[in-house]
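Residues per chain are reported as follows:
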Amino acid sequence: MLTFLLITLLHIHNIDYPAILHEQSPEDKQYVISQLFDSNYQPPYRINRSLPPLLKSPFGHPRINITAQSAVVIDAASGQILWQRNPDLVLPMASLTKLMTAIIFLETNPDFSKEVTIEENDNSDVEGSRLYVQPGEKMTVGDLFYASLVGSANNATKALARSTELTEEEFIQRMNDRAKMLGLENTVFREVTGLDPENKSTALEYSRLAQYAFRHARIQEALNKDEYFFETIDKKISHRIR
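Please read all numbers here as calculations on a predicted model, not as lab measurements. (Residues numbered from 1 in each chain as written. Predicted model: local features only at pLDDT ≥ 70, side-chain atom pairs only at ≥ 80, totals over all residues. Heavy atoms only, no water.)

**Here we look at the overall build of the chain**
Basically, it comes down to this: Secondary structure elements are taken from DSSP: a helix is a run of H or I of four residues or more, a strand is a run of E of two residues or more, and numbering for both begins at the N terminus. With a 1.4 Å probe rolled over the protein chains alone, any residue whose accessible area is under 20% of its type maximum counts as buried; one over 50% counts as exposed, and the rest are partly exposed. Pairs of residues are marked as contacts when any of their non-hydrogen atoms sit within 4.5 Å.
Of regular secondary structure, the chain possesses nine helices and eight strands. Residues counted as buried form 43% of the 242 residues belonging to the chain. Within the chain, counting contacts between residues at least 6 apart in sequence, those at least 24 apart form 61% of the total.

**Details of unusual backbone geometry**
The residue alanine 94 is not glycine, and still its phi comes out positive at about 55 degrees. Position of alanine 94 relative to the elements: it lies in the loop between β3 (91–92) and α3 (97–106). Of note in this structure, lysine 236 is not a glycine but carries a positive phi near 55 degrees. The residue lysine 236 is located in the loop between β7 (228–231) and β8 (238–241) in this model. By relative accessible area, lysine 236 is classed as exposed at 52%.

**Quick notes on helix α8 (residues 203–213)**
Of all the eleven residues making up α8, nine are buried; the element is thus mostly covered by neighbouring parts of the structure. Residues of α8 that are buried make contact with β1 (71–74), β2 (81–85), α3, α7 (168–181), β6 (200–201) and α9 (217–223).

**What to know about the side chain of glutamate 191**
Which entries qualify depends on this criterion: Here the positive residues are Lys and Arg and the negative ones are Asp and Glu; neither His nor the chain ends is included. A side-chain nitrogen of Lys or Arg and a carboxyl oxygen of Asp or Glu constitute a salt bridge if their distance falls within 4 Å. Polar contacts, as counted here, are pairs of nitrogen or oxygen atoms within 3.5 Å of one another; within protein the pair requires one atom able to donate a hydrogen and one able to accept it, and residues that are adjacent in sequence qualify only if both atoms are side-chain atoms.
Turning to its location among the elements, glutamate 191 is positioned in the loop between α7 and β6. There is no salt bridge for the buried glutamate 191, and the closest opposite charge comes from lysine 158, which lies 7.2 Å off by N-O distance. Within the structure, the side chain of glutamate 191 is placed 2.6 Å from the backbone nitrogen of glycine 194, a separation counted as a polar contact. With sequence-adjacent residues up to four places away left out, glutamate 191 is seen in contact with Thr97, Ile172, Met175, Asp196 and Asn199.

**Description of the environment of isoleucine 172**
Positionally, isoleucine 172 belongs in helix α7. Each C-alpha atom, one on isoleucine 172 and one on valine 192, is 6.9 Å from the other, the two residues being 20 residues apart in sequence. Sequence-distant contacts of isoleucine 172, defined by excluding residues within four places in its chain, comprise Phe189, Arg190, Glu191 and Val192.

**Concerning the packing of α3 against α7**
Which entries qualify depends on this criterion: Axes here refer to lines fitted to C-alpha atoms; in helices the fit is confined to the stretch in contact. Angles between the N-to-C directions go from 0 to 180 degrees. Each angle gets one of four labels, with under 35 degrees taken as roughly parallel, over 145 as roughly antiparallel, 65 to 115 as roughly perpendicular, and the rest as oblique. Residue polarity follows a fixed list, in which Ala, Val, Leu, Ile, Met, Phe, Trp, Tyr, Cys and Pro are nonpolar, Asp, Glu, Lys and Arg are charged, and the others, Gly among them, are polar.
α7 packs onto α3 with a crossing angle of 100 degrees between their chain directions and a minimal axis gap of 10 Å. With respect to each other, α3 and α7 are oriented roughly perpendicular. Facing Thr97, Met100, Thr101, Ile104 and Phe105 of α3, the residues of α7 in contact are Phe171, Arg174, Met175, Arg178 and Ala179. The residue inventory of the contact of α3 with α7, partitioned by class, reads six nonpolar, two polar and two charged.

**Here we look at the pairing of β2**
Here is the rule we go by: Whether two strands pair depends on DSSP finding at least two bridges between them.
With four bridges connecting them, β1 and β2 associate as antiparallel partners. Note that in β2 the partner of isoleucine 74 across the bridge is isoleucine 81. Hairpin remark: β1 followed by β2, antiparallel, with six residues in the connecting loop; positive phi at glycine 79, about 85 degrees.

**With respect to the nonpolar core**
Test applied: Nonpolar cores are built from buried Ala, Val, Leu, Ile, Met, Phe, Trp, Tyr and Cys residues. Side-chain atoms within 4.5 Å join them into one set.
In terms of nonpolar packing, the biggest core is built from 44 residues, with Met100, Leu131, Leu144, Phe145 and Ile219 touching the most fellow members. Listed by contribution, the elements that provide at least two residues to this core are α3, α5 (141–151), α6 (154–162), α7, α8, α9 and β7. Sequence-distant contacts of leucine 131, that is, excluding residues within four places in its chain, are made with Met139, Ala147, Ala153, Asn155, Ala156, Phe230 and Ile241.

**Quick word on the pattern of salt bridges**
Counted by the stated rule, this structure contains six salt bridges. The partner of aspartate 122 in a salt bridge is arginine 162, and the shortest N-O contact between them spans 2.6 Å. Of this pair, aspartate 122 sits in helix α4 (residues 120–123) while arginine 162 sits in helix α6; the two residues are 40 residues apart in sequence, bridging distant segments of the chain. Glutamate 227 is paired through a salt bridge with arginine 240; the nearest N and O atoms lie 2.8 Å apart.

**Some points on the confidence of the model for the chain**
Keep this limit in mind: Note: pLDDT gives the predictor's confidence per residue, expressed from 0 to 100.
Residue-level pLDDT values for the chain average 83, and 74% of them are 70 or greater. Note that pLDDT drops below 50 for residues 1–18; the model gives that stretch 35 contacts with residues more than four away or on any other chain.

**Considerations on the packing of aromatic side chains**
Condition: Note on ring pairs: Phe, Tyr and Trp rings are taken, using the six-membered ring of Trp, and paired if centres are within 6.5 Å. Classes follow the plane angle, with under 30 degrees stacked, over 60 edge-to-face and the rest tilted. Distance and angle both matter: a charge sits over a ring if NZ of Lys or CZ of Arg is within 6 Å of the ring centre and within 35 degrees of the ring normal.
Throughout the structure, instances matching the rule amount to six aromatic pairs. Grouped by ring-pair contacts, the aromatic residues Phe105, Phe112, Phe145, Tyr146, Tyr228 and Phe230 constitute a single cluster. Directly above the ring of tyrosine 146 sits lysine 225, whose terminal nitrogen or CZ lies 5.7 Å from the centroid.

**Notes on α6**
Extensive coverage of α6 is indicated by the burial of eight of its nine residues. Restricting attention to buried positions, one finds in α6 the residues Asn154, Asn155, Ala156, Thr157, Lys158, Ala159, Leu160 and Ala161. Turning to α6, the residues buried within the fold contact α3, β4 (115–117), α4, α5 and α7.

The following block contains the structure:
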């Protein structure tokens, strides 16, 4: 009850509610609440004095310093822009590309238990994050999916797209078609991993893409994982993806 009351009062005073308050003792919460009221209790709608800055409380919270060249914060439910910085600046997407790859993959109604054999091409030209698997090793489509989104593994992402049995050109065309359908006029895809700097979008358009992607329960599940474990089918080699 203290937590609920505290959140309500902070909201009334337009003060950000720091997650760290969840970890405080009832006494600490009561202290902050006492700063919000006069000496005698009044219902929230009768509060008539401002709150001393929360940063002056015993536990405080750090200010967030956003250094990104372009960024946007939106309300997930309504799409309303809450904060923005250069939202229409076109920049390379890098690994954020994988979100659209996951969308197109899921739209093919895949069988997550399907076995896929790693090919030489999956491991070629994959700088950065990758699975340490060799051509000929087998794993499930589900393992490729989670390796792509949880660990941003570039070779897993290439194998995931290939598992749909679409050609590379067909898969990329579907990515660009979906971008157009969503009204993302400045978003373009050249390949599935994000290694190509010509994969470009804006912060605002990518936020719209993310809204669309999060309709998929599988994507939400993957992005909520801190790590993922699996074994290759044939060699039984364990992998930990983070």
